[in-house]
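Each chain, written out:
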Amino acid sequence: MTEGLLLLLPPSETKRDGGNAAFTGELVESPEAGGLSWSETFAATRELVVSELHSLSHDRETARKVLKISEKQAEIELNRNRTLRSAPRMPALLRYTGVLYDALDAPTLTASQLSWAAHHVAVHSALFGLVGGGEGIPAYRLSAASRLGGVAAARRWAPAASQALSAHRGLVVDLRSKAYSALGPVEAAQQHVSIDVVSRSADGAVRSLNHFNKRGKGLFTRGLITRASSQPDRAAALQDAEELADFCREAGWELEPTGPGAARLIVPEGL
């Protein structure tokens, strides 16, 4: 991934079908060859998790329990997992659907905005680890809560993911959920800002959001992509939560630093 501002998103359990070229051979090819970035960091873990998920998905009843899939979902979801290596790929930002990604609405971004996002947005997948927003992935079913071979996902991914994020040269804006943050914890640092989304009601009271925090994150991500792609040099130079808050404020977003490596995004009630 490119140095500079990096927006880090959680994935979604829901995904679009379809895509273009299929994977050939291993899933750890270089990005230039159609593979995924951070290949040296995640190669072994990606291959292990893909192999375990593929094997599990041939045992219908066990897979349903481990992956928490209903009988109605089983045929579609398990077939996705059984065909990972031959399935068509689609850029991660287009593959995922759901509340956050519907609000982000990547298919309607301009070509220049998508180009910026492809190099400055990453998704933290339970199957592939960190994936660039423009990198092709197949549809699959695996969440951070799933235990393959009885092993928690955090145990598989956390050491390498934490190292990769800590080594990134630029400000990381972390919009992951708690479950996915556990797959790559980052200690409070100047160049890492974890975002919490809250709402402000008409009476001025600030309240935490549950389901709708995903919509706030999606809209905020779209807003950041739009602004950063139009001012790439300034976006690349952002160093901390204070500078990020100023950058966002100019675009109409209320971002409030709350401590080292943390900030809260305050959105209007009913956004």
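If you're wondering where the values come from, they're calculated on a predicted model, not measured in any experiment.

## Observations concerning the environment of Arg222
And then number 1: Looking at where Arg222 falls in the secondary structure, it is placed in helix α9 (residues 213–230).
And then number 2: Counting along the chain gives 82 residues from Arg222 to Tyr140, while the straight-line C-alpha distance between them is 24 Å.
And then number 3: Other than its neighbours up to four places away in sequence, Arg222 contacts Ala103, Leu104, Asp105, Thr108 and Leu109.
And then number 4: A polar atom in the side chain of Arg222 sits 3.1 Å from the side chain of Thr108.

## Looking at the pairing of strand β1 (residues 6–9)
And then number 1: Side chains of β1 alternate between two faces, with Leu6 and Leu8 and Leu7 and Leu9 buried alike.
And then number 2: Relative to strand β8 (residues 172–174), β1 runs parallel, the two being bridged by 3 bridges. Within β8, the position partnered with Leu8 by the bridge is Asp174.
And then number 3: Here β1 pairs with strand β3 (residues 121–125) via 3 bridges, running parallel. Bridge pairing in β3 places Leu8 opposite Ala122.

## Description of the environment of Ala154
And then number 1: Here Ala154 shows up in helix α7 (residues 153–167).
And then number 2: Here the alpha-carbon distance between Ala154 and Ala144, two residues 10 residues apart in the chain, equals 7.5 Å.
And then number 3: In contact with Ala154, other than residues within four places in its own chain, are Pro159, Ala182 and Leu183.

## Concerning α7
And then number 1: An ideal rise of 1.5 Å per residue puts 21 Å on 15 residues; α7 measures up with 21 Å between its terminal C-alpha atoms.
And then number 2: Of all the bends in α7, the largest measures some 30 degrees and sits at Pro159.
And then number 3: Listed in full, the buried residues belonging to α7 are Ala153, Arg156, Trp157, Ala158, Ala160, Ala161, Ser162, Ala164 and Leu165.

## Section: unusual backbone geometry
Trans peptide bonds make up most of the peptide bonds, and negative phi angles are found at most residues other than glycine.
And then number 1: The backbone phi angle of Trp38 is positive, close to 55 degrees, even though this residue is not glycine.
And then number 2: Within the element layout of this structure, Trp38 appears in the loop between β1 and α1 (39–56).
And then number 3: Phi angles above zero are rare outside glycine, and Asp105 is one such case at about 50 degrees.
And then number 4: Among the structural elements, Asp105 can be located in the loop between α5 (99–104) and α6 (111–120).
And then number 5: Accessibility expressed as a relative area gives 30% for Asp105, which makes it partly exposed.

## Digging into the nonpolar core
And then number 1: Counting residues in hydrophobic clusters, the biggest one holds 72 residues, and the most contacted among them are Leu5, Leu127, Leu142, Val173 and Leu244.
And then number 2: Ranked by the residues each element gives to this core, the list is headed by α7, at 6 residues.

## Considerations on α1
And then number 1: Its 18 residues place the ends of α1 24 Å apart at the C-alpha level, agreeing with the 26 Å of an ideal helix rising 1.5 Å per residue.
And then number 2: If you look at α1, its biggest bend is around 30 degrees, right at Thr45.
And then number 3: Residues of α1 that are buried include every one of Ser39, Phe42, Thr45, Arg46, Glu47, Val49, Val50, Leu53 and Leu56, and no others.
And then number 4: The inward-facing, buried residues of α1 contact α2 (60–67), α3 (71–82), β4 (129–132), β6 (147–148) and α7.

## Section: the packing of α9 against helix α11 (residues 241–249)
And then number 1: The N-to-C vectors of α9 and α11 enclose an angle of 85 degrees; their axes lie 10 Å apart at closest approach. As far as their axial angle goes, α11 and α9 are roughly perpendicular. Across the interface between the two elements, Phe220, Leu224, Arg227 and Ala228 from α9 touch Leu244, Phe247 and Cys248 from α11.
And then number 2: Considered class by class, the residues forming the contact of α9 with α11 number 6 nonpolar, no polar and 1 charged.

## Overview of the side chain of Arg95
And then number 1: Mapping Arg95 onto the fold places it in helix α4 (residues 92–95).
And then number 2: Put simply, Arg95 is tucked away with no salt bridge, and the nearest opposite charge, on Asp17, sits 5.4 Å away.
And then number 3: Engagement of the side chain of Arg95 in a polar contact is seen with the backbone oxygen of Pro88, the distance being 3.0 Å.
And then number 4: Beyond its immediate sequence surroundings of up to four residues, Arg95 is in contact with Thr14, Lys15, Arg16, Asp17, Gly18, Pro88, Arg89, Met90, Ile137, Pro138 and Ala139.

Reading the values: rules and limits
- Residues numbered from 1 in each chain as written.
- Predicted model: local features only at pLDDT ≥ 70, side-chain atom pairs only at ≥ 80, totals over all residues.
- Heavy atoms only, no water.
- Helix = DSSP H or I, 4+ residues; strand = E, 2+ residues; numbered from the N terminus.
- Contact = heavy atoms within 4.5 Å.
- Polar contact = N/O pair within 3.5 Å; in protein donor to acceptor, adjacent residues only side chain to side chain.
- Buried < 20%, exposed > 50% of the residue type's maximum accessible area, 1.4 Å probe, protein only.
- Pairing = 2+ DSSP bridges.
- Expected span 1.5 Å × (residues − 1).
- Bend = angle between axes of the 7 residues up to and from the residue.
- Core = buried A, V, L, I, M, F, W, Y, C linked by side-chain atoms within 4.5 Å.
- Axes fitted to C-alpha atoms, helices over the stretch in contact; angles between N-to-C directions.
- Parallel < 35°, antiparallel > 145°, perpendicular 65-115°, else oblique.
- Nonpolar A, V, L, I, M, F, W, Y, C, P; charged D, E, K, R; others polar.
- Lys, Arg positive; Asp, Glu negative; His and termini not counted.
- Salt bridge = Lys/Arg side-chain N within 4 Å of Asp/Glu carboxyl O.

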